[in-house]
Amino acid sequence: MRFPKLSRSLHQLSSHVLAIALGVMLTVSTLQVLPSQAEPAPPMTAGDTSKVIAQRQLPTTAAIGSTSFVTAAVNRVGTAVVRIDTERTITRRVDPSFEDPFFRRFFGDGFSQQMPSEQQLRGLGSGFILDKSGLVLTNAHVVDKADKVTVRLKDGRTFEGKVQGIDEVTDLAVVKINAGNDLPVAPLGSSNNVQVGDWAIAVGNPLGFDNTVTLGIVSTLKRSSAQVGISDKRLDFIQTDAAINPGNSGGPLLNGQGEVIGINTAIRPDAMGIGFAIPIDKAKAIAAQLQRDGKVAHPYLGVQMLTLTPDLAKENNTDPNSPIQIPEVNGVFVMRVVPNSPAASAGIRRGDVILQVDGKAITSAEQLQNFVEDSRLGQILQVKVQRGNQTQQLSVRTAELQNAS
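Residues numbered from 1 in each chain as written. Predicted model: local features only at pLDDT ≥ 70, side-chain atom pairs only at ≥ 80, totals over all residues. Heavy atoms only, no water.

K.L.:
Would you mind going over the overall build of the chain in detail, with residue names and values included?
P.N.:
In terms of helices and strands, the chain carries eleven helices and 21 strands. The proportion of buried residues among the 405 residues of the chain is 37%. Across the chain, the fraction of contacts at a sequence separation of at least 24, relative to all contacts at a separation of at least 6, is 64%. As displayed, the chain offers around 23,800 Å² of accessible surface, 53% of which is attributable to carbon and sulfur atoms. (Helix = DSSP H or I, 4+ residues; strand = E, 2+ residues; numbered from the N terminus. Buried < 20%, exposed > 50% of the residue type's maximum accessible area, 1.4 Å probe, protein only. Contact = heavy atoms within 4.5 Å. Areas by Shrake-Rupley, 256 points an atom, 1.4 Å probe, with all protein chains shown as cover.)

K.L.:
Would you mind going over the pattern of salt bridges in detail, with residue names and values included?
P.N.:
For the structure shown, the criterion picks out ten salt bridges. For Arg157, the salt bridge identified is with Asp155, shortest N-O distance 3.0 Å. Classification of Asp155 by relative accessible area gives exposed; the value is 51%. Salt-bridge contacts for Lys282 lead to Glu373; the nearest nitrogen and oxygen are separated by 3.9 Å. With Lys282 in helix 8 (residues 280-293) and Glu373 in helix 11 (residues 365-373), the pair connects residues that are 91 residues apart, well separated along the chain. Judged by its relative accessible area of 27%, Lys282 is partly exposed. What makes Glu373 buried here is its relative accessible area of 15%. Taken together, the shared-partner salt bridges connect Arg83, Asp85 and Asp210 into one network. (Salt bridge = Lys/Arg side-chain N within 4 Å of Asp/Glu carboxyl O.)

K.L.:
Describe in detail the pairing of strand 2 (residues 118-129), supporting the description with residues and values.
P.N.:
Sheet analysis places strand 1 (residues 81-91) next to strand 2, joined by eleven bridges and oriented antiparallel. Each bridged residue has a counterpart across the sheet, and for Arg88 the counterpart in strand 2 is Leu121. Here strand 2 runs beside strand 3 (residues 135-138); their pairing, made up of two bridges, is antiparallel. Note on strand 3: the bridge partner recorded for Phe128 is Leu137. Hairpin connection between strand 2 and strand 3: a loop of five residues separates the two successive antiparallel strands, and Gly134 in this loop has a positive phi of roughly 110°. (Pairing = 2+ DSSP bridges.)

K.L.:
Let's hear about the packing of aromatic side chains: which residues, and what values?
P.N.:
One pass over the structure, following the stated rule, counts two aromatic pairs. With centroids separated by 5.1 Å and ring planes inclined at 45°, the aromatic side chains of Phe69 and Trp199 adopt a geometry described as tilted. Residue Phe69 is found in helix 3 (residues 69-77), and its partner Trp199 is found in strand 8 (residues 199-204); the two are separated by 130 residues along the sequence. (Phe/Tyr/Trp six-rings, centres within 6.5 Å; stacked < 30°, edge-to-face > 60°.)

K.L.:
I'd like to hear about a nonpolar patch on the surface, residue by residue, with values.
P.N.:
On the surface, Phe69, Trp199, Leu215 and Ile217 cluster together into a nonpolar patch covering about 350 Å² of accessible area. Of the residues examined, Phe69 reaches a relative accessible area of 33% and is grouped as partly exposed. (Patch = residues over 30% accessible without salt bridge, like charges linked within 9 Å, V, L, I, M, F, W, Y side chains within 5 Å.)

K.L.:
Any details on helix 9 (residues 310-317)? Residues and values, ideally.
P.N.:
Among the residues making up helix 9, those that are buried are Ala313, Asn316 and Asn317. One face of helix 9 carries all of its buried residues, which in axial projection span an arc of 95°. Exposed and oriented more than 90 degrees from the buried face of helix 9 are Asp311 and Glu315. Elements in contact with the buried residues of helix 9: strand 15 (303-308). (Arc of directions from axis to C-beta.)

K.L.:
How would you summarise the sheet that holds strand 5 (residues 158-160) if you had to cite specific residues and measurements?
P.N.:
Within the open sheet, the seven strands sit side by side as 5-4-1-2-3-7-6. Their pairing is antiparallel. The two strands at the open ends of the sheet, each matched to only one other strand, are strand 5 and strand 6 (162-167). Direction aside, neighbouring strands of the sheet carry axes that sit 30° apart on average. Both strand 1 and strand 4 (residues 148-152) contribute to a ladder of five bridges, which runs antiparallel. Within the sheet, the bridge partner assigned to Arg83 lies in strand 4 and is Arg152. (Axes fitted to C-alpha atoms, helices over the stretch in contact; angles between N-to-C directions.)

K.L.:
Any chance you could break down the side chain of Thr240 for me, citing the residues and the numbers?
P.N.:
Tracing the backbone shows Thr240 in strand 10 (residues 236-240). Residue Thr240 is classed as buried on the basis of its relative accessible area, which comes to 0%. A distance of 3.0 Å separates a polar side-chain atom of Thr240 from the backbone nitrogen of Ala242. (Polar contact = N/O pair within 3.5 Å; in protein donor to acceptor, adjacent residues only side chain to side chain.)

K.L.:
Residues and numbers for the environment of Asn317, please.
P.N.:
Its place among the elements puts Asn317 in helix 9. C-alpha separation for the pair Asn317 and Pro327, spaced ten residues apart in sequence, amounts to 8.8 Å. The residues contacting Asn317, other than those within four sequence positions of it, are Ile324, Gln325, Ile326 and Glu328. A polar contact of 3.1 Å, which involves the side chain of Asn317, links it to the side chain of Asn316.

Structure follows, in structure tokens:
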């Protein structure tokens, strides 16, 4: 009974061994055939080896490098960036009620004398050196109305600064320090070459933290002052997501090569993640005038205006509560005419729509403002307006803007 079972077991074992042997033979034959089906790989040269090594290093070494471009850019301009400290004394008017006999009897005769009549206000900003003679460019609001200006260099030296000129309209100022003729100078680039997406590096002293660097990109160009919310200025800003905070004002905005492309301006306390800078090409022209004349003359017409489109006019005209009907055209709607202004003298009225200036179509308030800014003082501009269903041609002589506010 046992022999048949043993025979069957041996037969099964021999079958398994045969199957394994066949599998090994097929595997070996396959391994021998596969190389013959492929073309032989060409020998690798030294140049090819270097390419492979470079490709393997690209994500880590080549993209970042041992020294980042930000470090190189900041090192190029860093010593020319300064801190500006200001002091200003304001006088408080003592309330007349403090001199009332009843008040003095209740609080004592010396109480009113203890009330401070003067207060020291301190400010902080940034700037950068324009030339070796000691000219420093900064924002007007950093040094405006300051009694004392102190300029501190990165190496710790401090100098008294003298304000040579302020232009509130463009928020720029020039300060002079006497520090010899061996000062570091910031290299200036061109804001006309800046493109959206370019690197933007802000350098300054935000919130009193000296020598701070933040990195971002240029998020948009030609952001008008009206869009930013400061209609009393005449600027098209560079917008960036590089962090700009109080104390950064007046410091440089750099490109990836370490050239100044703008002057940082912290003007929107509610701005989250965006900042604004005055283009350096505009700043260079203004700085030259401030250095020469101490001020900049800006021509003006004297109107408060709003960009008008047919859709906006139609929306107004279909409102039964609208006080006026507006021509459904593209142009600039005159909301208010400043008394005794060039516009008032020329006969421009509230409710007019400005269509052309010197034969050029005007389609936005920013365009009209730039056109006037680029004109000369005393220049006569031919202004075409639509008043109701009629058009009129008016001659407006520009005059100097006296007060930015």
